[in-house]
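Residue-level structure breakdown
Now for the letters of each chain:
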Amino acid sequence: MFKRMPGDEPHRIVSTTPDTAVVFKPAVVQTPAIITLVIFIARFVAGLFRLAWRHPIALVAVAVPAGLCLMYGWRVALLPVVSALAAMGAWAVLDRPTFLRWVGWRLLAFARWFWIYRRHWQPVMTVAGLARHIRGREYVPRLVKVTSDSWADRLTVRMLDGQAAKDWSDRIENLSHGFGSESCRVAVAKAGRLVLTFPRHDPLAAPIAALPLPDTPTVRPVEIGRQEDGSPWLLRLHGTHVLVAGATGAGKGSIIWSAIRGLMPAMRAGLVEIWALDPKLMELSYGKALFGGRYAADPADCADLLDEAVSVMHKRAARFAGVQRSHTPTLDDPFVLVVVDEVAFLTAYQSDRQLRQRISASLATLTTQGRAVGVGVLAALQDPRKEVMNIRNLFPDKIALRLDESEQVDMVLGDGARDRGALADLISPRPERGAGVGYVRLETSPDPIRVRAAYVSDDDIRAMAGEVR
């Protein structure tokens, strides 16, 4: 195709086909073998240093017996191994939590780093589209560290320059399936670094029985269930408003009754009052005796009760003005918690337009001005769309139970919540597995937390109501 003129000068190269572009190829430089060997040895030594720095306990546990075996034979090496195993066994029996914290979880993290994550890292990154090929060179995000605890592995990852957290949150299904986990959650650790959480099992798969009543009266956060890591789920009610969204049978009643159960000692002491609105006549009617006459089911009665709560709020605000900025429950000014089951029956599906506007205005007033003077709202609904609940953004704390559509997750917990791992639309519809399971977005953190509320049975509710009588 090309004809080289005498002298082989580039500017004199001509083509026999006018439409063909002239292509120049760079010269190939042969790298001496010694340089290649030096590079490989340097990388190997650097890898050993990283291994010793990140996994010192696991490395010592393998290196010491191996060294003794090579120097003195297997019988000598067996003695410290047996002694160490006996000492660690005694440690594990006598003080299991500290053994797991200092030895057990670190060994597990090393094993999973070596056998699962490091071994499959490059293929998963490439197939998921998180690695890049630029000018013949492959760039792969770096796996910095793996830590493990009782239920999950957490991977610290350094992203490629120019990547965003959304590039990873859009591929959580690729990551979870690639590393053999049921789910994956993405959280930003700092600029350029992410933390990927891969649960190894589901500690919330079994229902949780009703928790015992607190020993002392308090309006501090009450325990209503468990978080995914096994720690207690504490729900703050005083000084905030809480919105619970979930489909039919998702377990909204578990959260409501667990919250009421946690406030029972304070109710007996006169520091808390529960005002109940039950337009469905099904959920809160079991405990009418607990509410001391502050119970309404008819929409008109619900509107009157809300107006009364607004009146209490305004009177307190007038007395507190210039005196105090936050509320402390007392016998004269108890914490008032307005519990509304299926709030959409009152704000969206109510046929009486004036009554609907009156209820919506009262709820908006309470959620904007009530928490500073000790009036809180705990509302539950099935459909979180804006046209159904147009004041949902006035609730600082939100809980998403099982939802019908993936878009509803962000409606409840805020934009990007599902990308960060709040898979509320994938919660099992079977009550024994999914009732009461949900995700929490607190006012102080954008990252969702997976939780499960304890199940309060009808007998438990009747027993509480009987104690009041």
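Residues numbered from 1 in each chain as written. Predicted model: local features only at pLDDT ≥ 70, side-chain atom pairs only at ≥ 80, totals over all residues. Heavy atoms only, no water.

**Some thoughts on the side chain of Thr365**
Short version of the rule: Helical segments are the DSSP runs of H or I of at least four residues, strand segments are the runs of E of at least two, and each set is numbered from the N terminus. Any two residues whose heavy atoms approach within 4.5 Å at even a single point are treated as in contact.
Structurally, the position occupied by Thr365 is in helix α11 (residues 353-369). Leave out the neighbours within four places in its chain, and Thr365 touches Val310, Met313, His314 and Gly370.

**Remarks on the pattern of salt bridges**
Put simply, the test is: A side-chain nitrogen of Lys or Arg and a carboxyl oxygen of Asp or Glu constitute a salt bridge if their distance falls within 4 Å. Think of it in three bands: residues with accessible area under 20% of the maximum for their type are buried, residues over 50% are exposed, and the middle band is partly exposed, with areas taken using a 1.4 Å probe on protein chains only.
A complete count under the given rule lists 18 salt bridges for this structure. Put simply, Asp149 and Arg154 hold a salt bridge, and the shortest N to O gap is 2.4 Å. The buried category is assigned to Asp149, whose relative accessible area is 19%. Its salt-bridge partner being Glu308, residue Arg294 comes within 2.1 Å of it at the nearest N-O pair. Linking Arg294 in the loop between β12 (272-277) and β13 (295-296) with Glu308 in helix α9 (residues 299-320), this pair joins segments that are 14 residues apart in sequence. Residue classification places Arg294 among the partly exposed residues on the basis of a relative accessible area of 25%. Residues participating in the shared-partner salt-bridge network are Arg185, Asp202, Glu228 and Arg450.

**A word on helix α4 (residues 96-128)**
Worth spelling out the cut-off: Take the number of residues in a helix, subtract one, and multiply by 1.5 Å to get its expected span. A residue's bend is simply the angle between two axes: one fitted to the seven residues ending at it, one to the seven starting at it.
The terminal C-alpha atoms of α4, which comprises 33 residues, lie only 39 Å apart, well short of the 48 Å expected from a rise of 1.5 Å per residue. Where α4 bends most, at Trp121, the angle is about 55°, and the proline Pro123 comes one to four residues later. Two residues or fewer after α4 comes Gly129, characterised by a positive phi angle close to 85°.

**Here we look at a nonpolar patch on the surface**
Heads up, the condition is: Think of a patch as exposed residues, more than 30% relative accessible area, with no salt bridge, where like charges cluster within 9 Å and nonpolar side chains (Val, Leu, Ile, Met, Phe, Trp, Tyr) cluster within 5 Å. Each accessible area value is a Shrake-Rupley result obtained with a 1.4 Å probe; residue values ignore everything except the protein chains displayed when judging cover.
Together, Ile34, Ile35, Leu37, Val38, Ile39, Ile41, Phe44, Val45, Leu48 and Phe49 make up a nonpolar patch on the protein surface, roughly 980 Å² of accessible area in all. By secondary structure assignment, the location of Phe44 is in helix α1 (residues 33-54).

**Some remarks on the packing of helix α2 (residues 56-72) against helix α3 (residues 74-94)**
So the rule is basically this: Every angle, taken between N-to-C directions, lies between 0 and 180 degrees, and every axis is a line fitted to C-alpha atoms, over only the stretch in contact when it is a helix. In this scheme, roughly parallel covers angles under 35 degrees and roughly antiparallel covers those over 145, while 65 to 115 is roughly perpendicular and the rest are oblique. Here a crossing is taken to be left-handed if its near helix is turned anticlockwise relative to the far helix by less than a right angle, and right-handed if that turn runs clockwise.
Put simply, α2 and α3 touch, their axes get as near as 7 Å, and they point 150° apart. Taken together, the axes of α2 and α3 are roughly antiparallel relative to one another. Considering only the axes of α2 and α3, their crossing is right-handed. Between α2 and α3, the residues in contact are Pro65, Leu68, Cys69 and Tyr72 and Trp74, Val76, Ala77, Pro80 and Val81, respectively.

**So, the environment of Tyr286**
Mapped onto the secondary structure, Tyr286 falls in the loop between β12 and β13. Taking relative accessible area as the criterion, Tyr286 reaches 33% and is therefore assigned partly exposed. Distance from Tyr286 to Met464, taken between C-alpha atoms, is 9.9 Å for residues 178 residues apart in sequence.

**What about the sheet that holds strand β5 (residues 142-148)?**
Threshold: Two strands pair if DSSP finds at least two bridges between them.
Here we have four strands laid out as an open sheet, ordered β5-β6-β8-β7, and antiparallel in their pairing. This sheet does not close on itself; its edge strands, each paired only once, are β5 and β7 (185-190). Each adjacent strand pair in this sheet contributes to an overall mean axis angle of 25°, direction not counted. Inspection of the sheet shows β5 paired to strand β6 (residues 152-158) by six bridges, in the antiparallel sense.

**A look at unusual backbone geometry**
Backbone geometry at Glu342 places phi at a positive 55°, although glycine is not the residue there. Positionally, Glu342 belongs in the loop between β14 (335-340) and α10 (344-347). For Glu342, a relative accessible area of 2% translates into the label buried.

**Brief notes about the pairing of β7**
Taken together, the five bridges between β7 and strand β8 (residues 193-199) define a ladder with antiparallel strand orientation. Residue pairing across strands places Lys190 opposite Arg193, the latter belonging to β8. The turn joining β7 and β8, which pair antiparallel and follow one another in sequence, is formed by two residues; a positive phi near 85° is taken by Gly192.

**Quick notes on the packing of aromatic side chains**
Stated formally: Pairing of aromatic rings covers Phe, Tyr and the six-membered ring of Trp, with a centre-to-centre limit of 6.5 Å; geometry is then stacked below 30 degrees between planes, edge-to-face above 60, and tilted otherwise. Charge-over-ring contacts are defined here by two conditions on Lys NZ or Arg CZ: a distance within 6 Å of the ring centre and an angle within 35 degrees of the ring normal.
Applying the stated criterion across every chain yields a total of eleven aromatic pairs. Between Trp121 and Phe179 the ring centres are 5.8 Å apart and the planes differ by 25°, which places this aromatic pair in the stacked class. Taken as a pair, Trp121 in helix α4 and Phe179 in the loop between α6 (172-178) and β7 lie far apart in primary sequence, 58 residues in all. Accessibility assignment for this pair places Trp121 and Phe179 in one class, buried. Members of the aromatic cluster, joined through ring pairs, are Tyr117, Trp121, Phe179 and Phe198. The ring centre of Trp115 lies 4.0 Å from the NZ or CZ of Arg119, which sits over that ring.

In short, geometric facts, not functional conclusions.
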